[in-house]
Amino acid sequence: MTDQPLLSLKGIRKTFPGCVANDAVDLDVAAGEIHALLGENGAGKSTLVKIIYGVLRPDDGEIRWQGATARIHNPAQARQLGIGMVFQHFSLFEAMTVLENIALALPREDTSVLRKRLRDTADAYGLDLNPERHVYDLSMGERQRIEIVRCLLQDPKLLILDEPTSVLTPQEVDALFATLRSLAAEGRSILYISHKLEEVRTLCDKATILRAGRRVDDCIPASETARSLAEKMIGRRLEPIAHQAIAKNDSVTGISVSGLEVQSDQPHGVDLKDINLEVHGGEILGIAGIAGNGQVEIMGALSGETGAPRAGQIRILDTDVTHLGPVERRLLGAVFVPEERIGHAAVADLTLVDNSYLTAAGRMKFSSHGLINWSSVSEFAQTVVRDFDVRTTGVDALASSLSGGNLQKFIVGREILQEPQVLVVSQPTWGVDAGAAAAIHEQIQKLAKAGAAVLMISQDLDEIFLLSQRIAVISQGTLSAATPVGDATPEDIGLLMGARHTQEPENPRVPA
Amino acid sequence: MTELILASVLTVVPPIMTMMTAATPLVFAATGELICEKSGVLNLGVEGMMLIGAVFGFATAAVTGSASLGLLAAAVAGMLASLIFAVLTLTLLSNQVATGLALTIFGTGLSALVGFDYVGETIERIGTVHLPFLSDIPVIGRLVFGHDPLVYLGILVLLGSGWFLNHSRWGMVLRAVGDSDVSAHAIGYPVVAIRFAAVSFGGLMAGLGGGYLSLIYTPLWAENMTAGRGWIALALVVFASWRPGRVLFGAILFGGITIAQLNAQAAGLGIPAAFMSMLPYIATIVVLVLISRDAIRIRLNAPACLGKPFRAER
């Protein structure tokens, strides 16, 4: 390790029309250091790393790389310098294979050599990948593995990871951390963006905290608490959310599923086998599982998007809805928040008002005689924005203009404010920062407290344990019996999630 | 008896020969559009570019007396027309559908204006290939080795494009740009430059297809002589779900039915001529739709960014 930082930023400023994304940001990353970049959504973390990676150009300021002033005009140049990046929004090509996706980022590699290197690297880091599969039928977790392997293959001096663990199991996270630590021991630096503060505390040597585009603090995360880090990020005191015992109301059965068999309509999807579950009023049932084990199928079956199942029955609020579509199910009092924010939960090119109309029209009675009452839709959207603290320029902003966390707050808010009796939500805080995640968790708890039945599908075990009263695990299309949260440990659940799943590394091998 | 069979075989040779020449303009135009669309750009101006190619090719041949120079001029004219489209849609981010339609209207008008003085003129056509020995094999010789050189070039370019897309590095980059322009940009590929190249290739091929019509297929200029072939080329690409092999099959099918219905009309079947003329268009589309119904294959082959404007954020 030398005294000279590997990467040094001085006074970086970047403005977009209508907002200052970065202002006078300084950052030093030493060689062999795991450096955390912390901040809420919209604090300017992504903009800053895009500047480092050459995707964006700063308006002002200086970038020094290994002591010399560097102008990074494009990502290819950044990669040449030795900067690799795993994007939060994957830079993948859905209609192409895993191997092609990797080859595109490594222009000077022969395909057959690359295939071997891909297998070696994937094995070494416990990242299971089939090079011939097409990306569009891979789960979010598998897609992220491509991004990570793609970066590692470029032998970077600095690796930038934007929210890398949000879709991994605890065991996979451990394996990744071991990998990152050994990469750091090799003298490589890692710039690590995460909203999981505990992770930052255990993994990172240093942390730089951004708030509203400015650097507010540098600290050693190990000597802070998660709470103090979060408070530095948001600039005010944070009230802790505790696990709440909620009075379960057995007289209301929100969702009841028996003997459900669904043939997946997803290519390489997972068929659901004999799914049985029951969620009562006032209860949160958590379904844990690694992406791609039937979560998409179960969401589709419950929301009514995938049509009639092969066998079994679904009841919502004591009505047989097995053959009803999403609109009818919503009218009964159920709402749904699917995993994909853009393209499934919200339409990117429509405004927040339009998006409000799309799912709330029936329950909120937004139209009469075939005409839409836009002023009440707009009022509803404004209420969502206000109550859920959605940071946006207004309700006429396009959904695509919101950051991930803010859009997620909007989508969850849009459903919860319809005062449903049943909420089915998948990955409620995927890629969302600590402040927003806390807000979403609080609202889900509040809804259950008010007597609604909540079914939450999530890969995030912290979230599962924080919110659920009972936990079930989905693995390869079968659902385990639900255990009360007091009787389960994260390790048990983590092992169940990996059961019969090939990517479970028995002994995570760490390269020397 | 054998003489009878031989005679009847020989009578089908000329129609099959003309079938290939009827297919060739489509092969060229569709290949160009295939590459263009694979890069994520929808150019609806194929008909216009073909007409521009046809008229400039014919005019050049009429003035210089050289059909080869005419073909060259056709290709260049088609490419220049496509560059207008590229500047408008890729640099100035105008709507691709509207701009493509405008290009077709522009091409129709411009070709009528330029071609006004050439209506009724004739030129010398490019001869067919004659390979010693090979072309003299009875039946097969003429069928396989007896076409004009452009027929072979067309098939070669189409199959070459298939190889380029699926087996070459730049073909992979082209598909990547069409699949996700944002991702390609993030990795560091020059999205706009690649699309410029793809659009120009599309124009070049459409021009050549038009030139083939006015210089070889029917060596004369008539206003609007492409008669919707640009549109059928567009439809071929989409209904063949962006697969070169199916594009070739569709083009030959179109050529075949065109010739068959012409012969049937000449033979005086009692079917209205308008219906017969419509047949190749309908049949080609119906057959391609029926063989390309696999939703997953379509999803894999359809360029996800087709028609969407792209602006690099800086």
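Residues numbered from 1 in each chain as written. Chains lettered and ligands numbered in written order. Predicted model: local features only at pLDDT ≥ 70, side-chain atom pairs only at ≥ 80, totals over all residues.

Scanning chain B from N- to C-terminus turns up 13 helices and 0 strands. Along the chain direction, N to C, the helices and strands of chain B fall in the order α-α-α-α-α-α-α-α-α-α-α-α-α. Its C-alpha atoms give chain B a radius of gyration of 20 Å, near enough to 20 Å, the size a compact globule of 314 residues would have. Projected onto the principal axes, the alpha-carbon positions of chain B cover approximately 75 × 45 × 45 Å. (Helix = DSSP H or I, 4+ residues; strand = E, 2+ residues; numbered from the N terminus. Rg over C-alpha atoms; globule rule 2.2 N^0.38 Å.)

Now for the overall build of chain A. If you tally the helices and strands in chain A, you get 16 helices and 23 strands. The dimensions of chain A, computed from C-alpha atoms along their principal axes, are 70 × 50 × 40 Å. Sequence-distant contacts in chain A: of pairs separated by 6 or more residues, those separated by 24 or more amount to 71%. (Contact = placed C-beta atoms within 7 Å.)

Residue and element names in this part refer to chain A. Here strand 13 (residues 284-288) lies mainly inside the structure; 5 of its 5 residues are buried. Of the two faces of strand 13, the one lined by Ile284, Gly286 and Ala288 and the one lined by Leu285 and Ile287 are each fully buried. Sheet topology places strand 13 next to strand 20 (residues 453-458); 5 bridges connect them, and they run parallel. Across the sheet, Ala288 pairs through a bridge with Ser458, a residue of strand 20. Taken together, the 4 bridges between strand 13 and strand 21 (residues 470-475) define a ladder with parallel strand orientation. Bridging from a neighbouring strand, Leu285 pairs with Arg470 of strand 21. (Buried ≥ 20, exposed ≤ 12 C-beta atoms within 10 Å, placed from the backbone. Pairing = 2+ DSSP bridges.)

It is worth spelling out the sheet that holds strand 1 (residues 7-16) of chain A at this point. All names here are of chain A. Ordered in space as 2-1-4-5, the 4 strands form an open sheet in which the pairing is antiparallel. The open sheet has two free edges, formed respectively by strand 2 (19-29) and strand 5 (68-69), since each of these has just one partner strand. In terms of strand pairing, strand 4 (residues 60-65) meets strand 5 through 2 bridges, oriented antiparallel. Bridge pairing in strand 5 places Arg64 opposite Thr69. In the packing of helix 1 (residues 45-52) onto the sheet, the strands contacted are strand 1 and strand 2, and the crossing angle to strand 1 comes to about 120°. (Axes fitted to C-alpha atoms, helices over the stretch in contact; angles between N-to-C directions.)

The subject of this paragraph is the environment of Ala30 of chain B. Residues and elements named next belong to chain B. Note on placement: Ala30 falls in helix 1 (residues 2-38). Assessed through the 34 C-beta atoms surrounding it within 10 Å, Ala30 is described here as buried. Put simply, Ala30 and Glu223 are 193 residues apart on the chain and 22 Å apart in space, counted from C-alpha to C-alpha.

Another aspect to go through is the nonpolar core. Most often, soluble globular proteins have nonpolar side chains that are buried together. Core analysis: the biggest nonpolar cluster contains 235 residues, and Ile160, Tyr192 and Val454 of chain A together with Leu26, Ala30 and Leu236 of chain B have the highest contact counts within it. Counting residues per element, this core draws most heavily on helix 9 (residues 191-217) of chain B, which supplies 14 residues. Excluding residues that lie within four positions of it along the chain, Tyr192 of chain A makes contacts with Ile34, His35, Ala36, Leu37, Leu161, Leu203 and Cys204 of chain A. (Core = buried A, V, L, I, M, F, W, Y, C linked by C-beta atoms within 7 Å.)

Moving on, we get to the domain arrangement of chain A. Each assigned domain of chain A is listed here: domain 1 (7-234), domain 2 (252-333 + 422-432 + 453-501) and domain 3 (341-419). Measuring from the centre of the C-alpha atoms in domain 1 of chain A to the corresponding centre in domain 3 of chain A gives 32 Å. (Domains from an automatic or database assignment.)

This part takes up the interface of chain A and chain B. Facing the 20 residues of chain A at the interface are 16 residues of chain B. Mapped by element, the contributors of at least two residues to the side of chain A that touches chain B are helix 2 (75-81) and helix 3 (98-105) of chain A. No other element matches the 4 residues that helix 3 of chain A contributes to the side of chain A that touches chain B.

Another point: the confidence of the model for chain B. Of the residues in chain B, 91% have a pLDDT of 70 or more, and the chain-wide mean is 88. As a predicted assembly, this complex carries a pTM of 0.71 together with an ipTM value of 0.81. (pLDDT = per-residue confidence, 0-100.)

This brings us to helix 6 (residues 149-167) of chain B. All names here are of chain B. Taking 1.5 Å of rise per residue, the 19 residues of helix 6 would be expected to cover 27 Å, and the 26 Å separating its terminal C-alpha atoms lies within 8% of that figure. Of all the residues in helix 6, the buried ones are Leu150, Val151, Gly154, Val157, Leu158, Ser161 and Leu165. The arc that holds the buried residues of helix 6, viewed along the axis, is 130°, so those residues lie on one side. Relative to its buried face, helix 6 has exposed residues pointing more than 90 degrees away, namely Leu156, Trp163, Asn166 and His167. (Expected span 1.5 Å × (residues − 1). Arc of directions from axis to C-beta.)

Residue and element names in this part refer to chain A. Strands sit in the order 6-7-8-3-9-10 across an open sheet of 6 strands; the sheet is mixed. Only two strands of the sheet have a single neighbouring strand rather than two, namely strand 6 (83-86) and strand 10 (214-219). Adjacent strand axes in the sheet meet at a mean angle of 20°, parallel and antiparallel pairs treated alike. Sheet topology places strand 7 (residues 158-162) next to strand 8 (residues 189-193); 5 bridges connect them, and they run parallel. Paired with Ile160 across the bridge in strand 8 is Leu191. The sheet strands contacting helix 1 are strand 3 (34-38), strand 6, strand 7, strand 8 and strand 9 (206-211), and the helix crosses strand 7 at an angle near 150°.

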